[in-house]
Amino acid sequence: MATAANSATAAGAAKDAPPAPTKSLSGIVKQVLSGDTVVIRATKGAPPPEKQITFSHVLAPKLARRPGAGGDETKDEPWAWESREFLRKKLIGVEVTFTFDKPANSNREYGFVWIGKDKETGENVVESIVREGLVSVRREGRPTAEQQTLIELEDQARAAGRGKWSSTASAADKVRNIKWSHENPAHLVDIYGGNPVKAIIEHVRDGSTVRAFLLPDFHYITLMISGIRCPGVKLDADGKPDLSVKVPFADEARYYVETRLLQRDVEIRLESVNNSNFIGTILYPKGNIAESLLREGLAKCVDWSMAVMKTGTDKLRAAERFAKEKRLRQWQDYQAKTPAFNSKEKDFSGTVVEVFNGDAINVRLSNGQVKKVFFSSIRPPRDQRAVVGTDGEEIVKAPPRGKNYRPLYEIPHMFDAREFLRKKLINKNVQCTLDYISPPRENFPEKYCYTVSIGGQNVAEAMVAKGLATCVRYRQDDDQRSSAYDQLIAAEQQAIKGLKGLHAKKDNATLRVNDLTVDHSRIKIQYLPSWQRALRTEAIVEFVASGSRLRIFVPKDSCLVTFLLAGISCPRSSRPALNGVPAQEGEPFGDEALTFTRERVLQRDVSVHIDTTDKAGSSVIGWLWTDSGANLSVALVEEGLAEVHFSAEKSEYYRQLKSAEDRAKAAKKNIWTNYVEEVPKEKTVTEEEKEDKVVADRKVNYENVIVTEITESLTFFAQSVESGSKLESLMSKLHADFQSNPPIAGSYTPKRGDLVAAQFTLDNQWYRAKVERVQGSNATVLYIDYGNKETLPTNRLAALPPAFSSEKPYATEYALALVALPTDNEDKEEALRAFSEDVLNHKVQLNVELKVTGSPHLATLRDPTTKVDFGKQLVAEGLVLAEKRGERKLKELVDQYKAAQEAARVAHLAIWKYGDITQDDAPEFR
């Protein structure tokens with residue numbers, strides 16, 4: 001029975017067995033479907049014709065079938081993957097010769113395959129896979145010569161235990177665990193973390209979509225190639241491919257990818273997901289397939305998927321640009337829309353002088369020209385009442401606001417965007433690269449749009465990353481965009497993911513600002529008292545109307561107010577015609593004053609002290625200090641762009657203003673160009689001759705010095721200007737010596753009168769000093785080259801190296817000649833403060849009037865420009881007393897001081913405001 005049954009089976013199998021192949025052709029292996037079936041394409045045509053060949057007389061284990069692919073899911077038969085991989089690695093992309101025939105009752109074509117062009121010399125692939133034990137040989141019927149050879153090879157493989165005939169390998173280990181689907185695709189992206197993963201491309205759906213196995217875990221994925229889109233098959237009304245419609249370049253793009261990627265070993269970098277599909281970059285031996293497709297004109301860049309790419313977007317753009325320039329395939333009718341720029345327009349650097357509402361800046365070039373620069377491809381925050389389309393364009397504009405509408409404060413995040421740019425850019429140097437020119441529209445002129453960089457950082461990208469701006473969306477063929485557009489899109493995606501700024505889920509509240517430039521009624525009642533009590537109030541200068549009139553924003557109180565500079569009178573600047581009001585011509589140097597103030601304070605952080613309001617109560621009047629600490633009123637006067645107003649006489653800054661005005665007059669600056677100093681009429685030739693005689697009698701030898709320290713007794717220390725370079729050299733050597741040979745703390749015990757090295761507290765540098773007193777673990781020292789004193793722990797003192805002890809002190813102590821401090825402590829402090837403002841750390845001229853043994857020499861100081869005697873000026877302002885002295889050579893000078901004191905007493909200035917304080921010396925008060 002058994003023998004008969006076997007004979008019957010053999011007879012049936014013989015009936016279906018493939019005949020011996022007869023036809024012979026050559027081609028290139030495109031795909032290996034299994035261990036016994038390959039797809040071979042012709043060598044000509046794009047795409048060329050294909051033929052599927054099943055190997056004669058053998059049967060390979062069946063590969064797993066994914067669910068929905070023509071049936072239920074199945075698993076691999078043991079050794080199915082190994083047999084497929086044996087052929088894939090041997091044949092893909094290789095030219096072969098093959099013979100084939102088609103049985104009468106079969107849909108398949110059976111044959112043999114040889115590697116190379118000659119089957120006589122080429123390797124027989126069917127015999128090779130049998131030899132490896134990866135397929136079974138059919139043994140039915142009377143074997144042909146080819147079949148007999150295969151049977152013998154199989155017997156040898158069995159005997160050697162190769163492949164599926166191995167007695168040691170477990171069949172279960174030769175079955176893959178394939179993950180056909182993924183419940184959480186994003187989690188898989190996170191697992192790989194953007195690192196390249198080894199993969200095999202299993203199917204090419206179109207030029208930019210493939211299916212692949214990720215190895216070694218056999219994740220089966222559908223992958224959309226990042227950054228590009230190739231032409232694909234048109235879909236019908238039911239969403240199914242309509243093969244009757246031929247899409248230009250679709251077949252060519254798919255063929256291009258198949259010949260390079262299909263069943264090739266590649267690396268895939270997963271970057272994002274789109275529904276159940278993955279988005280990523282495919283790297284093959286020759287580079288990035290996306291870049292290659294773009295360069296051939298078979299794909300176009302896609303903004304939304306470029307945004308997920310970690311690197312390489314610039315290369316994709318460059319490849320697409322190459323195809324456009326060469327007008328390849330999809331770009332054969334391409335016409336460039338970007339105009340040509342000259343080099344001066346395209347690239348320049350300059351200093352940012354003004355920031356507009358989040359999308360533009362003013363840049364001053366090296367030649368003084370100011371150029372308005374718009375940021376490429378971004379939009380600042382906008383009115384939320386506008387209706388915006390999916391492309392970011394306003395479909396319906398916001399209804400108009402009232403005349404007092406201030407978008408900077410009322411549009412959510414607009415102020416934040418402006419502040420970000422102001423703090424980052426104002427007065428900083430930036431590099432600008434022109435990307436495109438936006439044409440004029442809706443009464444707006446054309447806009448020159450740039451990529452602006454500072455310190456190598458793209459400013460627009462930084463704004464978008466913080467959620468303070470959004471990216472403009474373009475048509476795919478629109479080249480009018482930022483050169484760093486892909487980075488902008490990526491930054492926006494990160495901002496959206498991080499819920500930053502405009503993308504936050506919470507309601508975007510507007511900035512509530514009290515506009516006191518419109519509502520003046522609350523200035524005096526609500527704000528002025530606190531401003532007057534404050535020593536300094538921080539503010540931002542929002543607008544400069546003239547040299548002395550500004551609009552400031554006070555963040556602490558969230559209010560806008562018009563601010564007038566106190567103590568000065570500034571020439572009026574010109575004004576353009578506006579809203580029907582004719583243009584006004586400015587006063588001489590008015591525009592220069594406006595420019596001076598704008599360049600120093602516009603959109604800068606400043607400090608103000610507010611004294612009062614103007615008569616109408618609509619503006620505040622006060623003092624303003626720039627971010628460098630300069631008093632703007634004094635700076636304008638010093639530059640000859642303003643004059644001192646009589647209202648400044650009662651101010652603590654009057655002396656600074658007057659001295660600055662005297663220097664501007666002496667230098668004939670700006671408004672003082674034609675100034676001629678009046679000669680006092682009462683001064684006669686005889687008096688001049690007399691003064692010359694006194695000067696001759698009184699030795700006058702002015703020396704340029706710098707006052708470095710002032711004491712409470714009105715003595716001061718001064719350094720000779722001529723010895724400045726020597727002092728600097730000495731200090732450099734001293735610092736270097738202690739840096740290379742630092743002393744051991746506590747190793748030196750100081751004594752009174754010692755010349756030592758002391759480590760100054762403020763900068764921790766070592767200086768020459770003299771010990772004046774030692775108390776326990778502390779010592780009081782005098783820094784002999786500067787005149788200042790300090791009490792230090794003794795462990796901050798060290799022995800002075802002998803090389804630095806021979807030179808004399810560079811600071812000499814003097815007493816201010818012919819004056820005496822008032823006895824009242826407050827009056828004394830005011831006099832010392834005024835003297836410090838005049839001379840401390842300033843270059844002045846010193847004349848020794850009287851040498852006193854054992855005490856500081858008496859000296860006078862004068863301004864090197866105006867020749868004003870600072871001591872006599874203190875007397876004239878009623879801040880100090882004129883000292884009574886009997887030296888004959890000083891008599892004339894003493895008389896001048898006495899006359900100045902009498903004038904101050906009569907005018908009731910400062911210490912004389914309540915009468916003659918010298919009357920306290922009368923006998924009845926003793």
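Residues numbered from 1 in each chain as written. Predicted model: local features only at pLDDT ≥ 70, side-chain atom pairs only at ≥ 80, totals over all residues. Heavy atoms only, no water.

**Details of the overall build of the protein chain**
Part 1 of the reasoning: Along the backbone of the protein chain there are 23 helices and 45 strands.
Part 2 of the reasoning: For a compact globule of 926 residues, the expected C-alpha radius of gyration is about 29 Å, and the protein chain comes in at 46 Å, more than 25% above that figure.
Part 3 of the reasoning: Taken along the three principal axes of its C-alpha coordinates, the protein chain extends 160 × 80 × 45 Å.
Part 4 of the reasoning: For the protein chain, the proportion of its 926 residues judged to be buried stands at 45%.
Part 5 of the reasoning: When contacts within the protein chain are restricted to residue pairs at least 6 apart in sequence, those whose partners lie at least 24 apart make up 61%.
Part 6 of the reasoning: Carbon and sulfur atoms make up 49% of the accessible area of the protein chain, which totals about 48,900 Å². (Helix = DSSP H or I, 4+ residues; strand = E, 2+ residues; numbered from the N terminus. Rg over C-alpha atoms; globule rule 2.2 N^0.38 Å. Buried < 20%, exposed > 50% of the residue type's maximum accessible area, 1.4 Å probe, protein only. Contact = heavy atoms within 4.5 Å. Areas by Shrake-Rupley, 256 points an atom, 1.4 Å probe, with all protein chains shown as cover.)

**Considerations on the UniProt feature "domain: Tudor" (unreviewed entry) in the protein chain**
Part 1 of the reasoning: When the UniProt feature table is mapped onto this chain numbering, "domain: Tudor" (unreviewed entry) sits at residues 749–807.
Part 2 of the reasoning: In the segment residues 749–807, helix accounts for 0% and strand for 47%; the C-alpha atoms at its two ends are 23 Å apart. (UniProt positions renumbered as here; feature names shortened; annotations may be inferred.)

**Considerations on the domain arrangement of the protein chain**
Part 1 of the reasoning: Partitioning the protein chain into structural domains gives domain 1 (23–174), domain 2 (185–236 + 246–331), domain 3 (348–388 + 407–503), domain 4 (514–573 + 589–672) and domain 5 (696–719 + 810–925).
Part 2 of the reasoning: For domain 1 and domain 5, the distance between their C-alpha centroids amounts to 113 Å. (Domains from an automatic or database assignment.)

**A word on the pattern of salt bridges**
Part 1 of the reasoning: Applying the stated criterion across every chain, the model contains 48 salt bridges.
Part 2 of the reasoning: Among the ionic pairs, Asp265 bridges to Arg88, the shortest N-O distance being 3.2 Å. Residue Asp265 is located in strand β12 (residues 265–274), and its partner Arg88 is located in helix α2 (residues 80–91); the two are separated by 177 residues in the primary sequence.
Part 3 of the reasoning: Note on Asp265: relative accessible area 48%, which makes it partly exposed.
Part 4 of the reasoning: Judged by relative accessible area, which is 4%, Arg88 ranks as buried. (Salt bridge = Lys/Arg side-chain N within 4 Å of Asp/Glu carboxyl O.)

**A word on the sheet that holds strand β38 (residues 778–782)**
Part 1 of the reasoning: With antiparallel pairing, the five strands of this open sheet are ordered in space as β39-β38-β37-β36-β40. A strand with exactly one partner marks an edge of an open sheet, and here the two such strands are β39 (789–793) and β40 (797–799). Strand after strand, the sheet turns through a mean of 50° between neighbouring axes, direction not considered.
Part 2 of the reasoning: Taken together, the five bridges between strand β36 (residues 755–759) and strand β37 (residues 766–775) define a ladder with antiparallel strand orientation. Across the sheet, residue Leu755 finds its bridge partner in β37, namely Lys770. (Pairing = 2+ DSSP bridges. Axes fitted to C-alpha atoms, helices over the stretch in contact; angles between N-to-C directions.)

**Regarding the pairing of β37**
Part 1 of the reasoning: Taken together, β36 and the strand that follows it, β37, pair antiparallel across an intervening segment of six residues, in which Asn764 is found at a positive phi of about 60°.
Part 2 of the reasoning: Direction of pairing for β37 relative to β38: antiparallel, over a ladder of five bridges. Each residue of the ladder has a partner; that of Gln775, found in β38, is Asn778.
Part 3 of the reasoning: In sequence, β37 turns back onto β38 through a hairpin of two residues, with Gly776 there showing a positive phi of about 60°.

**Quick word on helix α21 (residues 825–839)**
Part 1 of the reasoning: Compared with the 21 Å implied by 1.5 Å per residue over 15 residues, the 21 Å span of α21 between its first and last C-alpha is a close match.
Part 2 of the reasoning: Looking at α21, one finds that the buried residues are Ala831, Leu832, Ala834, Phe835, Asp838 and Val839. End-on, the buried residues of α21 take up no more than an arc of 160°, which puts them together on one face. For α21, the exposed residues lying more than 90 degrees away from the buried face are Asn825, Glu826 and Glu829.
Part 3 of the reasoning: Here α21 starts with a cap whose side-chain oxygen sits 3.1 Å from the backbone nitrogen of Glu826, and that cap is Asp824.
Part 4 of the reasoning: A positive backbone phi angle near 65° is found at Asn841, which sits one or two residues after α21. (Expected span 1.5 Å × (residues − 1). Arc of directions from axis to C-beta. Polar contact = N/O pair within 3.5 Å; in protein donor to acceptor, adjacent residues only side chain to side chain.)

**Description of the pairing of strand β5 (residues 95–101)**
Remark: a regular strand shows side chains that alternate across the two faces of the sheet.
Part 1 of the reasoning: Where burial is concerned, most of β5 is hidden: five out of the seven residues are buried.
Part 2 of the reasoning: In terms of strand pairing, β5 meets strand β6 (residues 110–115) through six bridges, oriented antiparallel. When the sheet's bridge partners are listed, Asp101 is paired in β6 with Tyr110.

**Here we look at the layout of surface pockets**
Part 1 of the reasoning: Taken as a whole, the second largest pocket encloses approximately 1,600 Å³ of empty space.
Part 2 of the reasoning: Taken together, 42 residues form the lining of the second largest pocket, with Asp662, Val868, Asp869, Gln873 and Ala876 sitting closest to its centre.
Part 3 of the reasoning: Elements with a contribution of two residues or more to the lining of the second largest pocket: α18 (654–667), α19 (685–697), α21, β44 (857–862), α22 (870–876) and α23 (891–906).
Part 4 of the reasoning: Considering every element that reaches the lining of the second largest pocket, the biggest residue donor is α18, with seven residues.
Part 5 of the reasoning: Partitioned by chemical class, the residues of the lining of the second largest pocket number 15 nonpolar, seven polar and 20 charged. (1 Å grid on protein atoms, 1.4 Å probe; cavity = no way out; pocket = protein on both sides within 12 Å on 5 of 7 lines; lining within 4 Å. Points joined across faces, edges and corners; volume = space filled by probe spheres on them. Nonpolar A, V, L, I, M, F, W, Y, C, P; charged D, E, K, R; others polar.)

**Some thoughts on empty space enclosed by the protein**
Part 1 of the reasoning: Counted under the stated rule, the structure contains one cavity of 30 Å³ or more.
Part 2 of the reasoning: Size it by volume and the largest cavity reaches roughly 60 Å³.
Part 3 of the reasoning: Within the residue set of the lining of the largest cavity, elements represented by two or more residues are β1 (23–34) and α6 (250–261).
Part 4 of the reasoning: Per element, the largest residue contribution to the lining of the largest cavity is three residues, and it comes from α6.
Part 5 of the reasoning: Among the residues forming the lining of the largest cavity, the class breakdown is three nonpolar, two polar and four charged.
Part 6 of the reasoning: Each of two domains, domain 1 (23–174) and domain 2 (185–236 + 246–331), supplies a minimum of three residues to the lining of the largest cavity.

**Some thoughts on the environment of Leu594**
Part 1 of the reasoning: Relative to the helices and strands, Leu594 resides in helix α16 (residues 590–601).
Part 2 of the reasoning: Note on Leu594: relative accessible area 17%, which makes it buried.
Part 3 of the reasoning: Considering only alpha carbons, one finds Leu594 and Ser548, 46 residues apart in sequence, at a separation of 7.8 Å.
Part 4 of the reasoning: With residues near it in sequence (within four places) discarded, Leu594 still touches Val544, Ala545, Ser546, Gly547 and Ser573.

**Some details on the nonpolar core**
Part 1 of the reasoning: Membership of the largest hydrophobic core comes to 42 residues, with the highest contact counts inside it found for Trp531, Phe563, Leu624 and Leu636.
Part 2 of the reasoning: With five residues, the top contributor of residues to this core is helix α17 (residues 632–638).
Part 3 of the reasoning: Once residues lying within four places of it in the same chain are set aside, the contact partners of Phe563 are Ser548, Arg549, Leu550, Ile552, Val608, Ile610, Val620, Gly622, Trp623 and Leu624.
Part 4 of the reasoning: In this structure, Val352, Phe420, Leu421 and Val452 belong to the second largest nonpolar core, which totals 40 residues. (Core = buried A, V, L, I, M, F, W, Y, C linked by side-chain atoms within 4.5 Å.)

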